[in-house]
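Inside the fold
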Amino acid sequence: VASGEKFLGRQCQQITVLYLDFENPDWLIKDRLETIQAAPLDKLKIWPTSTAIQKQPRLGSSLLLELAKAKPLIIVDSFRASHTAKENDGDEMQVIMDYLHDLIRAGATVLLLHHLAKSEGSTFRGSSTIEAAGDWTWVQSQDPETGLITIENAKSRTSKTKMTIRPDFESGTLELVDSPEFAKQTEDVQHLTELIKAHPGETQNYIVNNSGMMRSRV
């Protein structure tokens, strides 16, 4: 996103990324950035816990609300370490989730990295308020034998998607394993994008009727 390049076959819109890392020291962050050849990037701002410039803001901070006005992608790693509320208390978590929606209303896009519960089939940990407040929930797992990473859409306002990714930790790259549905979705999005660009200002019905696709798919 910070580079505006493609990721897993999809073109990313280039915007500023504010990565709030509450878990890793700055030397480890630097090492990982060098591995994926992502440094330096003007639009990538990483705020580690060990910074001596200014104390890292936690969720609820007025500073983050001010930064959100610049319309960045804010990544919180990890969600549990970013606040002092009780994770299993629905009322306390509602306050945190309301604050995150304030960040969105101010202009930011927010991505939370959250841990799973230990129970089988878990899609999140803590109060159900956390999952209920989000637009998307992605569950990431890794096969210990093949090393393949699976990212599955557990909750979506639109459609379900499942991706299998082959990581290359030597070169710092990720390769999307063959996924017909993902490839078809990417193709459909590109088709609709070209149609809308060619006919700006047209209604949704016009786009649907001229897409050659089922309305539910569009």
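Use the structure listed above.
Residues numbered from 1 in each chain as written. Predicted model: local features only at pLDDT ≥ 70, side-chain atom pairs only at ≥ 80, totals over all residues. Heavy atoms only, no water.

A look at the overall build of the protein chain
To be explicit about the condition: Strands are runs of DSSP state E lasting at least two residues, helices are runs of H or I lasting at least four, and both sets are numbered from the N terminus onward. With a 1.4 Å probe rolled over the protein chains alone, any residue whose accessible area is under 20% of its type maximum counts as buried; one over 50% counts as exposed, and the rest are partly exposed. It only takes one pair of heavy atoms within 4.5 Å for two residues to be counted as in contact. Only the protein chains shown count as cover for residues, and all accessible areas are computed by the Shrake-Rupley method using a 1.4 Å probe. Residues scored as charged are limited to Lys and Arg (positive) and Asp and Glu (negative), so that His and the chain ends carry no count. Charge coordinates come from a single atom per side chain, which is NZ of Lys, CZ of Arg, CG of Asp or CD of Glu.
The number of helices and strands found in the protein chain is 6 helices and 10 strands. Split into buried and exposed, the 218 residues of the protein chain put 32% on the buried side. Counted over contacts in the protein chain with a minimum sequence separation of 6, partners at least 24 positions apart contribute 48%. A total accessible area of about 14200 Å² is found for the protein chain, and carbon and sulfur atoms account for 52% of it. In the protein chain, 24 side chains carry a positive charge and 30 a negative one; their mean positions are 5 Å apart.

Section: the pattern of salt bridges
Close approach of charged atoms lets side chains of opposite charge pair. Quick reminder of the rule: Only one rule defines a salt bridge in this text: a Lys or Arg side-chain nitrogen within 4 Å of an Asp or Glu carboxyl oxygen.
Considering all chains together, one arrives at 7 salt bridges under this definition. Note that Glu34 is salt-bridged to Lys30, the shortest N-O span being 2.7 Å. Here Glu34 and its partner Lys30 are both found in helix 1 (residues 26–35), 4 residues apart, which amounts to about one turn of the helix. Here Arg105 and Asp102 are joined by a salt bridge, their closest N and O atoms 2.6 Å apart. Linking Arg105 with Asp102, this pair stays in helix 3 (residues 90–106), spanning 3 residues, or about one helical turn. The exposure class of Arg105 is exposed, given its relative accessible area of 63%. Because the salt bridges share partners, they merge into one network encompassing Arg80, Glu87 and Arg125.

Some thoughts on the nonpolar core
The nonpolar side chains of a soluble globular protein tend to be buried, and buried together. Note the following rule: Side-chain atoms within 4.5 Å link the members of a nonpolar core, which is a set of buried Ala, Val, Leu, Ile, Met, Phe, Trp, Tyr and Cys residues.
Grouped together as the largest cluster of nonpolar side chains are 20 residues, with contacts concentrated most on Leu59 and Phe79. Every element with two or more residues in this core is listed here: strand 3 (17–21), helix 2 (62–68), strand 5 (73–77), helix 3 and helix 4 (128–133). At 6 residues, helix 3 tops the list of elements feeding residues into this core. Apart from the residues lying within four places of it in its own chain, the contact partners of Leu59 are Leu64, Val76, Phe79, Ser82, His83, Ile96, Tyr99 and Leu100. Core analysis: the second largest hydrophobic core is formed by 8 residues, Val17, Ile29, Leu44 and Leu73 among them.

Limitation: the analysis is restricted to geometry and does not speak to function.
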